[in-house]
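# Coordinate analysis (summary)
Take a look at the letters that make up each chain.
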Amino acid sequence: MYNPILLRIRKQWIALRISTILLQAVAVGVLGYFLLGRGGIIAGLVYAAVFLLNFYRHVPGLTEIATYLNQQFPELEDSAGLCLRDTAELTLPEKMQLAKMTPLLAQLKLPRRFYRAIPATIGCWLIVAGLCFVVGIRGNHLPKAEINKVTTTEKIPGTNGVEISIQPPAYTRLPSRQQQQYDLLVPDSTMVTWKITTTHAPATVTLLFSDSTRIMMTPDTDSSHWTASRCITHQGFYQVQLDTLLSAYYQLQIIPDHPPLIKVVQPQPNTSIAFGQKPVLQINTVITDDYGISKAGINGTIASGSGEAVKFREVNLTFGESLNGQPASFNGSRQLDLSSLGMKSGDELYFSITATDTRNQQTLSDVMIVTLPDTAALFSMEGLANAVNIKPEYFRSQRQIIIETEALISAKDSLGTTRFNTRSNDLAADQKILRLRYGKFLGEEAESNIGDSRVGDDHDHDGHEHHEAESAADFGNAAKIIDAYTDKHDNAEDATFFDPEIKQQLKATLNEMWKAELQLRLYKPQEALPYEYKALRLLKDLQQKSRAFVPKTGVKTTPLKPEKRLAGDQDKINPAIIKQVLKRDDPNITIRVAIAVLDNVGAQTKMNDTALQVLRQALLKLNAAAAAEPAKYLRSMQALQQIIKGDITAAHIRAAQQSLVQLLPPEILPQPDVSSFNRLQEIYLRQLKNSHIR
């Protein structure tokens, strides 16, 4: 279940936007009523319908909300997307980050511009409507050219405004657009063209960027329209310079294009297809990207052979679905027939999912491993050829049962039903005998009721028949009766012939033999084969474990001195001394001193040269931070510039101090004393030493 905080923020966002559209529609209707009569009401309704329809066609999803929050609120540390994922799928670091971020999201508020839209809309339109009502103006008295003559262009002294053309790169597939604001938020590698209109004919108009780039704008014939273009590849800030007049600082923010994100739903990182199962592998994956996916496929390597004879073969597959539309999200599904790829028993397939976006950024998923176990290796005699702890001869009979089972399956069509069932039942009897033989290693001596000596009339215990206990001579002999009904060595838990781990694996082997025998009794040898192979595999593993060899070596220890035992004398023990040289040169000393200067600058009317020099040095560091993160530090940099120029206000001081504090590294918090030596231990050792001396 994902975190519902983003859903709440999205609902709040949608509610504010709808409220703004409705209020604007009411204002349009009121103004239109005074200008056009009843037609103005219809205009208001049409306005509401058009903008609401357009809004619902572009309602931001939870992914867009998370991206916006990451861009606007640096304190979230680009982790808002964790709220969209299932909590059960998160790793421990992701859960810790989500727990840290959840209180911040709960206290988060949308930018003020969303709230300002409502009172600004009401106030602006009501003033116009009030003027129209007081003056009694109708639509036929108002010149048509003056309608909607409203500009939001931010003006620089000496200019009549700017028109900025934004041409996003081809990989985004976004349309071109124009704006009248100098602050820019554009995708990476966007071509931006500035067209500035001036009120007079300046000598030069220059764009000054934070990376020290200067672009001279080109004038037209009358030197009133100036044009310049640049491809924005990194963020920062810039200024407009008319001759010697400099404008304010404007932001250059870039929307990065992340590589595709691949999530493999199926299969698991390590998959083993056991004998008897179909050699078919189902692959399901989900691929997402910011703008679009152009290619997606499967890159695999097949490893065959063993030892020095291993051979590798590359295979490249597709999902079989066209990506001509270049969707932003793609659900890939492919079923691989491992036999058609030429894989056989003992081979391994290593594959990964690859995806390429519209910007040719490629992503590879983690490597998945698919194994086809080699059943032929189970018939190897290598484990029996070693002279270390050789097992009894009947340990090899499980292979013979498998061989005869496969022969029976291949001869099923030539045998009649009666002969086929008879041979299957005989194999079940052989499997039973083998199971009982292995059961003796766990203390089992009978097929059922293991440990109960009353089973079977021919059960011989220490050479005496149990019915002898009923003789008259032994009447009332309690020991004889107890021995007749107990069989102490016929107990799997008391059979200490093997280690607990070996006994556990032997029990698992007997369980597989039970299942194989059941299928053979039901005349289903094909279904018995997987259990037979698994039982043989467990037996081979037991053989390898039996070959463990531990060499015996003598250990010589230093003789102890009885006179020094329990004395507690630690005089000759030198404690570890850690030498640490503290650096007196703090790289952030300029920022710390600047913060202290700003604390005291409020009571001063004019700062001295020393304080100004400190603030100028801090301004250099703030400039570098603003070039990397303009949205976070640009306004504070301007505030510090105003303070240096003499425009000292509480708002400027507060903004500059907040950014300077953010530039400082986090302080080390006090840590608890984790020393294992405390005062009580010291007193105890001293008392022990004194008592020994006396």
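Here's a quick rundown of the structure. (Residues numbered from 1 in each chain as written. Predicted model: local features only at pLDDT ≥ 70, side-chain atom pairs only at ≥ 80, totals over all residues. Heavy atoms only, no water.)

### What about the pairing of strand β18 (residues 348-357)?
The test is simple: Each residue is placed in one exposure class: buried if its accessible area under a 1.4 Å probe, protein chains only, is under 20% of its type's maximum, exposed if it is over 50%, and partly exposed if it falls in between. A run of H or I in DSSP counts as a helix once it spans at least four residues, and a run of E counts as a strand once it spans at least two, with each numbered from the N terminus. Strand pairing is assigned whenever DSSP identifies at least 2 bridges connecting the two strands.
By the criterion of burial, β18 is predominantly enclosed, with eight of the ten residues buried. Alignment of strand β15 (residues 293-304) against β18, held across ten bridges, turns out to be antiparallel. Bridging from a neighbouring strand, Ala296 pairs with Ala355 of β18. Note that β18 and strand β20 (residues 368-371) share four bridges and pair antiparallel. The partner of Phe351 across the bridge, within β20, is Met368. Between β18 and strand β19 (residues 362-364), which pair antiparallel one after the other, the connecting turn spans four residues, and Asn360 there sits at a positive phi close to 65°.

### Description of the sheet that holds strand β7 (residues 218-219)
Strands sit in the order β2-β1-β4-β8-β7 across an open sheet of five strands; the sheet is antiparallel. Strand pairing shows two members of the sheet lacking a second neighbour, β2 (177-179) and β7, which therefore form its edges. Where strand β1 (residues 159-167) meets strand β4 (residues 190-198), eight bridges bridge the pair, whose relative direction is antiparallel. Bridging from a neighbouring strand, Ser165 pairs with Thr193 of β4.

### Quick look at the packing of aromatic side chains
What describes a pair of aromatic rings is the distance from one ring centre to the other and the angle between the planes of the rings. Heads up, the rule is: Put simply, two rings from Phe, Tyr or Trp (the six-membered ring, in Trp's case) pair if the centres are within 6.5 Å, and we call them stacked under 30 degrees between planes, edge-to-face over 60, tilted for the rest.
Considering all chains together, one arrives at eight aromatic pairs under this definition. Here Tyr171 and Tyr291 contribute two aromatic rings whose centre-to-centre distance is 5.6 Å and whose plane-to-plane angle is 75°, an arrangement assigned as edge-to-face. Residue Tyr171 is found in the loop between β1 and β2, and its partner Tyr291 is found in the loop between β14 (280-288) and β15; the two are separated by 120 residues along the sequence. Under the relative-accessibility criterion, Tyr291 is labelled buried at 14%. Ring centres of Phe237 and Tyr249 lie 5.2 Å apart, and the angle between their planes is 80°; on these two criteria the pair is classed as edge-to-face. Here Phe237, found in strand β9 (residues 236-242), pairs with Tyr249, found in the loop between β10 (245-246) and β11 (250-255); they are twelve residues apart in sequence, far enough to count as distant.

### Considering the packing of helix α8 (residues 417-439) against helix α10 (residues 500-521)
Defined as follows: Only the stretch in contact is used when fitting a helix axis, every axis being a line fitted to C-alpha atoms; angles between N-to-C directions are given from 0 to 180 degrees. Comment on the angle field: the value is read as roughly parallel under 35 degrees, roughly antiparallel over 145, roughly perpendicular from 65 to 115, and oblique elsewhere. In this scheme the crossing of two helices becomes right-handed for a clockwise turn of the near helix relative to the far one and left-handed for an anticlockwise turn of less than a right angle. Every residue pair with non-hydrogen atoms within 4.5 Å of one another is taken to be in contact. Classification used: nonpolar for Ala, Val, Leu, Ile, Met, Phe, Trp, Tyr, Cys and Pro, charged for Asp, Glu, Lys and Arg, polar for all others including Gly.
The interhelical angle for the contact between α8 and α10, taken along N-to-C directions, is 165°, at an axis separation of 8 Å. Viewed along their axes, α8 and α10 adopt a mutual orientation that is roughly antiparallel. Crossing geometry of α8 relative to α10 is assigned as left-handed. Counted together, Ser424, Asn425, Leu427, Ala428, Ala429, Gln431, Lys432, Leu434, Arg435, Tyr438 and Gly439 of α8 and Leu506, Leu510, Met513, Trp514, Ala516, Glu517, Leu520 and Arg521 of α10 form the full contact between these two elements. Within the contact of α8 with α10, the residues separate by chemical class into eleven nonpolar, four polar and four charged.

### Comments concerning helix α7 (residues 397-410)
Rules: Multiplying 1.5 Å by the helix residue count minus one yields the expected span of that helix.
Taking 1.5 Å of rise per residue, 14 residues should cover 20 Å, and α7 covers 20 Å from first to last C-alpha, within 8% of that figure. Gln398, Arg399, Ile401, Ile402, Thr405 and Leu408 are the residues of α7 that are buried.

Treat this as a map of the structure, not an account of what it does.
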